[in-house]
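Each chain, written out:
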Amino acid sequence: MTLAALQIEQHLPATLTAPGLSEAEFLQFTQEFPDSTLEYTHDGILLIRPPTDPETSARVTLVARRLGNWAEKDGRGMVIGPDGGFFLPNGARRSPDAAWFDRERWRRAKTPGTRFPVFTPEFVVEVRSPAQRGAGLRELQEKMAEYTDNGVELAWLIDPEEQTVTIYRPGRAAEVLRAPAAVAGGGSVSGFVLEMDGVLG
């Protein structure tokens, strides 16, 4: 790790202005900050965040596991957790806490010579952490809208602090569910039901 990276790592979260960042340059940053989550906005801002707290991480793991268990039985798609990412059509590079995408669509999108072809998953989930208050919550809400603006069919924002699940769909107002026992998917993930025990509780 370079001295500059060490200095930045002491002050995370951090943002860097880096317009026109190439895939190779983005991957170089991920090597500089191997223990952090990196995302890149459509307007050229690199976001570097420290690891989340253990309770939030446990919730994210539970969501990804339950989604993965369903997807394995369903057989059509693939599931990633927060260590994966997507290069969206608007130029942003995003890493949702969990996502499902059609296996065949991904096969067709793969591009020789690049690790991140332009590709949007059908379904994403984000889990709000205690650190995401104020401006952090607004950024998360904008990220959910960005997902649907770029082709995500269904997006859930899970907020354990407020005991809510906000559902985002393209062209529709966000729908807020308060303290649901379970949330059912639709569209490409019809049949998936996320039990909320251990996720909101």
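Each chain has its residues counted from 1, running along the sequence as written. Local features are withheld for residues below a pLDDT of 70 in this predicted model, meaning they are given only at 70 or higher, and side-chain atom pairs are given and counted only at 80 or more; totals for whole chains, interfaces and linings count all residues. As a convention, hydrogens and water are excluded, and side-chain values are obtained from all of the structure's heavy atoms.

Novice: How should I be thinking about unusual backbone geometry in this particular structure?
Specialist: Both trends apply: most residues other than glycine have a negative phi, and most peptide bonds are in trans. We note that Gln 163 has phi near 60°; this positive angle belongs to a residue other than glycine. Checked against the element boundaries, Gln 163 lands in the loop between strand S9 (154-159) and strand S10 (164-168). Even without being a glycine, Ala 179 presents a positive backbone phi close to 50°. We count a stretch as a helix when DSSP gives it H or I for four or more residues in a row; a strand needs E for two or more, and each element gets its number in order from the N terminus.

Novice: Would you take a moment to explain the pattern of salt bridges for this structure?
Specialist: Side chains carrying opposite charge are able to pair once their charged atoms draw close together. Salt bridges are identified by distance alone: a Lys or Arg side-chain nitrogen within 4 Å of an Asp or Glu carboxyl oxygen. In the structure shown here, the tally under the stated rule is 13 salt bridges. For Lys 143, the salt bridge is made with Glu 39, and the minimal N-O distance between the two is 2.8 Å. Within this pair, whereas Lys 143 is found in helix H5 (residues 135-149), its partner Glu 39 is found in strand S2 (residues 37-40), the two being separated by 104 residues in sequence. When sorted by exposure, Lys 143 lands in the same class as Glu 39, which is buried. We note a salt bridge from Lys 143 to Glu 126, for which the minimum N-O separation is 2.9 Å. With Lys 143 in helix H5 and Glu 126 in strand S8 (residues 123-127), the pair connects residues that are 17 residues apart, well separated along the chain. You'll find Lys 143 and Glu 126 in the same group, each marked buried. Here the salt bridges share partners, and the residues they tie into one network are Glu 39, Arg 49, Arg 94, Glu 126, Lys 143 and Glu 146. A simple rule labels every residue: compare its accessible area, found with a 1.4 Å probe on the protein chains alone, to the largest value its type can have, and call it buried under 20%, exposed over 50%, or partly exposed in between.

Novice: Just to check I follow, could you spell out the pairing of strand S3 (residues 45-49) for this structure?
Specialist: A regular strand places its side chains so that they alternate between the two faces of the sheet. Between any two strands, pairing holds if DSSP finds at least two bridges. One ladder, built from four bridges, connects strand S1 (residues 14-17) with S3; its direction is antiparallel. Considered in S3, the bridge of Leu 16 is made with Leu 46. In the sheet, S2 pairs with S3 via four bridges, with the strands oriented antiparallel. Looking at the pairing, Tyr 40 lines up with Leu 46 of S3. Connecting S2 to the next strand, S3, in antiparallel fashion are four residues, including Gly 44 with a positive phi near 90°.

Novice: What exactly am I supposed to notice about the sheet that holds strand S4 (residues 77-80) here?
Specialist: Hydrogen bonds between backbone atoms are what pair the strands of a sheet, whose relative direction is either parallel or antiparallel. Judged by pairing direction, the sheet is mixed, and its six strands sit side by side in the order S4-S7-S8-S9-S10-S11 without closing on themselves. Two strands bound the open sheet, and with one partner strand each, they are S4 and strand S11 (175-178). The average angle at which neighbouring strand axes cross in this sheet is 15°, direction not considered. With four bridges connecting them, S10 and S11 associate as antiparallel partners. Across the sheet, residue Thr 166 finds its bridge partner in S11, namely Val 176. Any pair of residues with heavy atoms lying within 4.5 Å of one another is described as a contacting pair. To obtain an axis, a line is fitted to C-alpha atoms, over the contacting stretch when the element is a helix, and the angle between two such axes runs from 0 to 180 degrees between their N-to-C directions. Packed onto the sheet, helix H3 (residues 54-74) meets S4, strand S7 (98-102), S8 and S9 and runs at close to 20° relative to S7.

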